[in-house]
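# Chains, contacts and geometry: an overview
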Amino acid sequence: MKTSDFYFDLPEELIAQVPILDRSSSKLMVLDKETGEVSHKIFKDIIDYLNPGDCLVLNDTRVIPARLIGSKEGTGGKIEFLLLKRNEDDTWETLVKPGKRAKIGTRFSFGEGKLIAEVVGMGDDGARIVKFEYEGIFEEVLDELGNMPLPPYITERLEERERYQTVYSKHNGSAAAPTAGLHFTDELLQKIKDKGVDLAFVTLHVGLGTFRPVKVDDVLEHDMHSEYYMVTQEAADKINKAKENGNRVITVGTTSTRTIESVADENGRMKAASGWTKIFIYPGYKFKVVDNLITNFHLPESTLIMLVSALAGKENVLNAYKCAVENHYRFFSFGDAMFIK
């Protein structure tokens, strides 16, 4: 299976730069995974495709303001840090620009010394392992000094931080938003609950590896990034209940999908769990739990379009993407949505 099999031509003007005013008024493409048939709706119409007893699985991670601008101690040279993930020993895996300034032992200052970083090791793909020094609570210091880490394809300034958070975000830790969830409003979620749909919240802290292109020709040679997940017993019980009663499990986003497919046993049973996953889902994968998926439109040749193709079929997905381009759908993080039914 070649990476180039998942290429499609995307005009740059279709990459959404800013979120639309009303989250739930984005376009919604509905793709039938059996027939490949496509229909065009508005996102708030999603409720028409959800049935009482279904379980909707949402990722309640919260994006941290992970982009820090500071200076090198001694020289004052400008430096930019992007926090990718917190390690178990309380160090951080970090992208540093310019990297040549970040040798092991080098120290950097942010916010006139409110936060000090020391490079203590080297990670994968040029990342640096960093230890921070600060007074008080790290999250509060970061909230004061950091900026939202928007993906590299978004060049416009984000006016309101919360627009890069889902309305149900809860647990801090992501370097990027689980963007399929950005379309939901509190009002829409309440209507979905009132219809008798169960909402199950899981957590997967999204790393920027999500946006990294697959650099190998053979898909099977791609090394997936690891991300931390957490599934409560309450969420596991709701998912199990839906499956036992013959109802559907519908995931919101590729991150929710990867989380529950990582945790489920071979019989599709869920239980409370936490840990790190490197699960890589591509065509040929047999889904243990997920029946349907709400997702955004993804980058060409990315692991995300491969996951979507595993559920709906590569030809169906590429045809749907061609249709999305022709109908001027908005792509990527602030873009429109697809429901795979």
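Residues numbered from 1 in each chain as written. Predicted model: local features only at pLDDT ≥ 70, side-chain atom pairs only at ≥ 80, totals over all residues. Heavy atoms only, no water.

Applicable threshold: UniProt positions are given in the numbering used here, feature names are shortened, and annotations may be inferred rather than shown by experiment.
Under the annotation held in an unreviewed UniProt entry, the protein chain carries the name S-adenosylmethionine:tRNA ribosyltransferase-isomerase and is attributed to Terrisporobacter muris. The UniProt entry for the protein chain carries this comment under Subcellular location (unreviewed entry): "Cytoplasm". Recorded under Pathway (unreviewed entry), the UniProt text for the protein chain is reproduced unchanged: "tRNA modification; tRNA-queuosine biosynthesis."

## Brief notes about the overall build of the protein chain
The criterion, for reference: Counting from the N terminus, the helices are DSSP H or I runs at least four residues long and the strands are E runs at least two residues long. C-alpha atoms define the radius of gyration, and 2.2 Å times the number of residues to the power 0.38 defines the globule rule. For each residue, the accessible area found with a 1.4 Å probe, counting protein chains only, is set against the maximum for its type, and the residue is called buried under 20%, exposed over 50%, and partly exposed in between. For this analysis, residues touch if any pair of their heavy atoms sits within 4.5 Å.
A count of helices and strands for the protein chain gives six helices and 17 strands. For the protein chain, whose C-alpha radius of gyration is 20 Å, the value lies close to the compact-globule estimate of 20 Å for 341 residues. The buried share among the 341 residues of the protein chain stands at 53%. Across the protein chain, contacts joining residues at least 24 apart in sequence account for 71% of those joining residues at least 6 apart.

## A short note on the packing of aromatic side chains
Put simply, the rule reads: Only Phe, Tyr and Trp rings are paired, with Trp represented by its six-membered ring, and only when their centres lie within 6.5 Å; those with planes under 30 degrees apart are stacked, over 60 edge-to-face, the remainder tilted.
Scanning all chains against the criterion turns up 20 aromatic pairs. Summarising the aromatic geometry, the rings of Phe132 and Phe138 are spaced 5.4 Å apart at their centres and angled 40° between planes, so their arrangement reads as tilted. Judged by its relative accessible area of 9%, Phe132 is buried. Seen from their ring centres, Tyr228 and Trp276 are 5.6 Å apart, and the 65° between their planes marks the pair as edge-to-face.

## Overview of the sheet that holds strand S8 (residues 107-110)
Going by this rule: Note on pairing: two strands pair once DSSP finds at least 2 bridges between them. Angular values range over 0 to 180 degrees, each being the angle between N-to-C directions of two axes fitted as lines to C-alpha atoms, with helices fitted over their stretch in contact.
Read once around its circumference, the closed barrel built from six strands follows the order S5-S6-S7-S10-S9-S8, with strand pairing classed as antiparallel. Shown here is a sheet whose adjacent strand axes are inclined to one another by a mean of 45°, direction ignored. Contacting strand S5 (67-72), strand S6 (78-86), strand S7 (92-97), S8, strand S9 (115-122) and strand S10 (128-134), helix H1 (residues 138-145) runs over the sheet at an angle of about 140° to S6.

## Re the nonpolar core
Most often, soluble globular proteins keep nonpolar side chains buried together rather than apart. Stated precisely, the cut-off is as follows: Residue types Ala, Val, Leu, Ile, Met, Phe, Trp, Tyr and Cys, when buried and joined through side-chain atoms within 4.5 Å, form a set referred to as a nonpolar core. In this entry, domain limits derive from an automatic or database-based domain assignment.
Counting 88 residues, the largest nonpolar core has Phe81, Phe132 and Phe331 as the members making the most contacts within it. Residue assignment places this core across two domains, with domain 1 (3-63 + 160-340) and domain 2 (68-147) each supplying three or more. Contacts of Phe132, omitting those with residues within four sequence positions, involve Leu68, Phe81, Leu83, Trp92, Phe110, Leu115, Ile116, Ala117 and Phe138. Grouped together as the second largest cluster of nonpolar side chains are 22 residues, Leu58, Leu189, Ile192 and Ile250 included.

## A word on the packing of helix H5 (residues 303-312) against helix H6 (residues 314-326)
Test applied: Roughly parallel here means an angle under 35 degrees, roughly antiparallel means over 145, roughly perpendicular means 65 to 115, and every remaining angle is called oblique. Under this grouping Gly is polar, as are all residues other than the nonpolar Ala, Val, Leu, Ile, Met, Phe, Trp, Tyr, Cys and Pro and the charged Asp, Glu, Lys and Arg.
Here H5 crosses H6 at 120°, and the two axes come no closer than 7 Å. Taken together, the axes of H5 and H6 are oblique relative to one another. Of the residues in H6, those touching H5 at Ile305, Val308, Ser309 and Ala312 are Lys314, Asn316, Val317, Leu318 and Tyr321. When grouped by side-chain class, the residues that make up the contact of H5 with H6 number six nonpolar, two polar and one charged.

## Considerations on the environment of Lys238
Our working definition: Whenever two N or O atoms come within 3.5 Å, that pair is a polar contact, provided that in protein one can donate a hydrogen and the other can accept it, and provided that, for residues adjacent in sequence, both atoms are side-chain atoms.
Within the element layout of this structure, Lys238 appears in helix H3 (residues 233-244). Note: C-alpha distance between Lys238 and Ala200 (38 residues apart in sequence) is 6.4 Å. Not counting the four nearest positions on each side in its chain, Lys238 is found in contact with Cys55, Asp198, Leu199 and Ala200. Engagement of the side chain of Lys238 in a polar contact is seen with the backbone oxygen of Leu199, the distance being 2.8 Å.

## A few points about the side chain of Glu227
The topology assignment puts Glu227 in strand S13 (residues 227-231). Judged by its relative accessible area of 2%, Glu227 is buried. Separated by 3.2 Å, the side chains of Glu227 and His225 make a polar contact.

## Some words on H1
Our working definition: Note: the arc covers the axis-to-C-beta directions of the helix.
Residues Phe138, Val141 and Leu142 constitute the buried set of H1. Relative to the axis of H1, the buried residues are bounded by an arc of 95° and lie together on one face. Opposite the buried face of H1, by more than 90 degrees, sit the exposed residues Glu140 and Glu144. Against S5, S6, S7, S9 and S10 lie the buried residues of H1.

## Quick look at the domain arrangement of the protein chain
When the parts come together, some accessible area is lost, and that loss is often what is quoted as the size of the interface. Note the cut-off: Put simply, buried area is the surface a 1.4 Å probe can reach on two separate parts but cannot reach once they are joined, added for both. One side-chain nitrogen of Lys or Arg within 4 Å of one carboxyl oxygen of Asp or Glu is enough to make a salt bridge.
Each domain of the protein chain was delimited in the assignment, giving domain 1 (3-63 + 160-340) and domain 2 (68-147). Centre-to-centre separation of domain 1 and domain 2, based on C-alpha positions: 31 Å. Facing the eight residues of domain 1 at the interface are 12 residues of domain 2. Regarding the contact of domain 1 and domain 2, the summed buried area is about 790 Å², with carbon and sulfur atoms giving 45% of it. In this assembly, domain 1 and domain 2 are joined by one salt bridge. Two residues, Arg161 and Asp143, come together in a salt bridge whose shortest N-O distance is 3.0 Å. One can count three residue pairs in polar contact (both at pLDDT 80 or more) joining domain 1 with domain 2. Of the residues contributing to the side of domain 1 that touches domain 2, the split by class is three nonpolar, three polar and two charged.

## Some details on the pattern of salt bridges
According to the stated counting rule, one finds 20 salt bridges in the structure shown. Ionic pairing is found between Asp90 and Arg86, a salt bridge with its closest N-O pair at 3.1 Å. Residue Asp90 is classed as partly exposed on the basis of its relative accessible area, which comes to 35%.

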